[in-house]
Protein chains: 2
Amino acid sequence: MILRGEVLPGERLNELALSRRLSISRSTLREAVRGLQQGGLLEIIPNRGVLVRQVSVKDALDLYDLRAALFRGAARLAARRALPEYKIRLKHLNDRMTEAAAAGRFTDYYAYNLEFHATVLTAGGNAPMALAYDQAVKGLHLFRRRSLVHPAQLDLSLREHESLLTAIAAHDVAAAGEVAERHIMLGRDRMLDTLDGSIPA
Amino acid sequence: MILRGEVLPGERLNELALSRRLSISRSTLREAVRGLQQGGLLEIIPNRGVLVRQVSVKDALDLYDLRAALFRGAARLAARRALPEYKIRLKHLNDRMTEAAAAGRFTDYYAYNLEFHATVLTAGGNAPMALAYDQAVKGLHLFRRRSLVHPAQLDLSLREHESLLTAIAAHDVAAAGEVAERHIMLGRDRMLDTLDGSIPA
DNA sequence: TCAGCAAAGATTGTCGACAATTCGGGAATG
DNA sequence: CATTCCCGAATTGTCGACAATCTTTGCTGA
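Throughout what follows, the structure given in this document is the object of discussion. (Residues numbered from 1 in each chain as written. Chains lettered and ligands numbered in written order. Predicted model: local features only at pLDDT ≥ 70, side-chain atom pairs only at ≥ 80, totals over all residues. Heavy atoms only, no water.)

1. Considerations on the packing of helix H4 (residues 84–103) of chain A against helix H7 (residues 151–169) of chain A
All names here are of chain A. Viewed as axis vectors pointing N to C, H4 and H7 meet at an angle of 170 degrees, and their least axial separation amounts to 10 Å. When the axis of H4 is compared with that of H7, the two are roughly antiparallel. Within the contact between the two elements, H4 uses Lys87, Leu90, Lys91, Asn94, Met97, Thr98 and Ala101 and H7 uses Leu154, Leu158, His161, Glu162, Leu165, Ile168 and Ala169. (Axes fitted to C-alpha atoms, helices over the stretch in contact; angles between N-to-C directions. Helix = DSSP H or I, 4+ residues; strand = E, 2+ residues; numbered from the N terminus. Parallel < 35°, antiparallel > 145°, perpendicular 65-115°, else oblique. Contact = heavy atoms within 4.5 Å.)

2. Side note on the relation of the copies chain B and chain A
Rotating chain B by 180 degrees about the axis while translating it 0.0 Å along that axis superimposes it on chain A, leaving an RMSD of 0.1 Å. Classification of the inter-copy transformation places it as that of a two-fold axis. (Least-squares fit on C-alpha atoms with pLDDT ≥ 70 in both.)

3. Observations regarding the protein's contact with DNA strand D
Lining the immediate environment of DNA strand D, one finds 18 residues, of which Ser25(A), Ser27(A), Arg48(A), Arg26(B) and Arg30(B) sit closest. The sugar and phosphate moieties of DNA strand D supply 64% of its atoms located within 4 Å of the protein. In the model, a phosphate oxygen of DNA strand D is placed 2.7 Å from a nitrogen or oxygen of the Ser25(A) main chain. Contact distances for DNA strand D include 3.3 Å between a phosphate oxygen and a backbone N or O atom of Glu15(B). Those elements giving two or more residues to the surface near DNA strand D turn out to be helix H2 (26–38) of chain A together with strand E1 (12–13) and helix H2 (26–38) of chain B. A total of four residues in the surface near DNA strand D trace back to one element, the largest contributor, which is H2(B). Of the residues that constitute the surface near DNA strand D, the class distribution is three nonpolar, eight polar and seven charged. (Near = heavy atom within 4 Å. Polar contact = N/O pair within 3.5 Å; in protein donor to acceptor, adjacent residues only side chain to side chain. Nonpolar A, V, L, I, M, F, W, Y, C, P; charged D, E, K, R; others polar.)

4. What about the protein's contact with DNA strand C?
In the region of DNA strand C, 18 residues are neighbours, and Leu13(A), Arg30(A), Ser25(B), Ser27(B) and Arg48(B) sit closest. By atom count, sugar and phosphate contribute 66% of the portion of DNA strand C lying within 4 Å of the protein. Going through the elements one at a time, H2 of chain A together with H2 of chain B are the ones with two or more residues in the surface near DNA strand C. Per-element tally for the surface near DNA strand C: the top contributor is H2(A), with four residues. Residue composition of the surface near DNA strand C, grouped by class: three nonpolar, eight polar and seven charged.

5. So, the pattern of salt bridges
The final tally for this structure, using the stated rule, is 28 salt bridges over all chains. Residue Arg30(B) is joined to Glu31(A) by a salt bridge in which the shortest nitrogen-to-oxygen separation is 2.6 Å. Note that Arg30(B) is positioned in helix H2 and Glu31(A) in helix H2, a pairing that runs across two chains. Measuring nitrogen to oxygen at the nearest pair gives 3.1 Å for the salt bridge that ties Glu181(B) to Arg72(A). Pair noted here: Glu181(B) is in helix H8 (residues 173–196) and Arg72(A) is in helix H3 (residues 57–81), and the two residues belong to different chains. The pair formed by Glu181(B) and Arg72(A) is uniform in burial state, with each residue classed as buried. Linked through salt bridges whose partners overlap, the residues forming this network are Glu15(A), Arg26(A), Arg30(A), Arg34(A) and Glu31(B). (Salt bridge = Lys/Arg side-chain N within 4 Å of Asp/Glu carboxyl O. Buried < 20%, exposed > 50% of the residue type's maximum accessible area, 1.4 Å probe, protein only.)

6. Description of the side chain of Arg190(B)
Note on placement: Arg190(B) falls in helix H8. Look past the residues within four positions of Arg190(B) in its chain and what remains in contact with it is Gln153(B), Leu156(B), Ser157(B), Glu160(B) and His183(B).

7. Let's talk about the pairing of strand E2 (residues 42–45) of chain A
All names here are of chain A. Direction of pairing for E2 relative to strand E3 (residues 49–52): antiparallel, over a ladder of four bridges. Bridging from a neighbouring strand, Leu42 pairs with Val52 of E3. Here E2 folds back onto E3 in antiparallel fashion, the turn holding three residues, of which Asn47 has a positive phi close to 65 degrees. (Pairing = 2+ DSSP bridges.)

8. Things to note about helix H5 (residues 106–124) of chain B
Residue and element names in this part refer to chain B. Over its 19 residues, H5 runs 27 Å from end to end, which matches the ideal 27 Å to within 8%, given 1.5 Å per residue. Among all positions of H5, only Tyr109, Tyr110, Asn113, Phe116, His117, Thr119, Val120, Leu121, Ala123 and Gly124 are buried. Buried positions along H5 lie against helix H3 (57–81), helix H4 (84–103), helix H6 (127–141), helix H7 (151–169) and H8. After H5 finishes, the residue Gly125 shows a positive phi value of roughly 70 degrees. (Expected span 1.5 Å × (residues − 1).)

9. Here we look at the sheet that holds E3(A)
Across a sheet, strands are paired by hydrogen bonds formed along the backbone, either parallel or antiparallel in direction. Residues and elements named next belong to chain A. In space, the three strands of this open sheet follow the order E1-E3-E2, with antiparallel pairing throughout. Edge positions in the sheet fall to strand E1 (12–13) and E2, since each of these pairs with one other strand and no more. Bridge count between E1 and E3: two bridges; the pairing is antiparallel. Directly across from Leu13, in E3, lies its bridge partner Val50. Together, E2 and E3 form the strand contacts of H2, whose direction differs from that of E2 by roughly 110 degrees.

Laid out in structure tokens, this is it:
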């Protein structure tokens, strides 16, 4: 519900109402809520209730830095192992993204993009790292309901993916790490650019 | 209790007994447990109960890789900002560690070491990154009750800290990142070495 | 008109009980 | 003697209720 935007950041959750809506008891709901808090999606203020986490610009920038560090690490691991199945899968996903971009299907592009990144994490074979990355991405989701995709930047992004999968396939640990890190940081810059045109929160 | 070793990895927690021991109700305990699960300290098997997480050698190696990626990221951020207060603090902590090492007070050394690393994370000014790092360290705690400190390796570790704080103080982002990453990975190697002498789990 | 206070209402924190599921042991069978 | 089935005990999952706390509303007085 949070990631789908059915409850908005900053909104306060009424436990009784929500438990009724989900047809579960308050105890069960509260258990779930405690888990989500640790995951960073909710903020709990004692005796005041739970809020959907507000992600400020500063928070979002932090999450980008965190993502960059994790993505670099995962890309290095993926390049070290360089398992064939993931090479194929990454190539496949990037092809799909290229198609989607050419056809103007930005929603598909966005979904494939997420999956491409997730696959790099999987290819790294480090579950805790993948989990931390997921949490960061989820936090970023809360920042703005999907930051706009600028068509002019898609080509660049696709080329970055291309370099990354080439480096991984070539067992080039250092290159994979650098490309991966730069890719996220460029995404960070793009986010900042699109933000300049709107209200800085 | 988990970090203090009062409940051992793999052990199954009896909710009723534990709630009585802590003088709280089962509901309250369960809420806390759900939070700890997300933090990675507990594993919950539906209808079978909660177990203290078992950390295998593979898991520990993963956590070291994760720590390395995060520590590198934080060191780079710390070097970028290079706030004077943290330079002083890091210097102070490393001096204390040197003293403790010379006097053979290994428990103190260990505590200062943890604090030194935590301070680097704080100096980076990235809260989500610090949180992820903390979780990884906690997971590592579960691996072996404090991996033995080999006196011969203390000097090396201290010199690494020295290089790190020098690089941070000098605003040298790249050097700080490299030193930080190598420091954790050397710790990983040390862990593997001490492991060879015992039973590989 | 507005600040301060008090009572009423709403919401969260905690609890114990009941239902559902799993675990352990003993009897029956091949 | 080993194996399977079944029953009772133990443990987890879910629930609704009560207590504690906070928020809102209305009143009083300056």
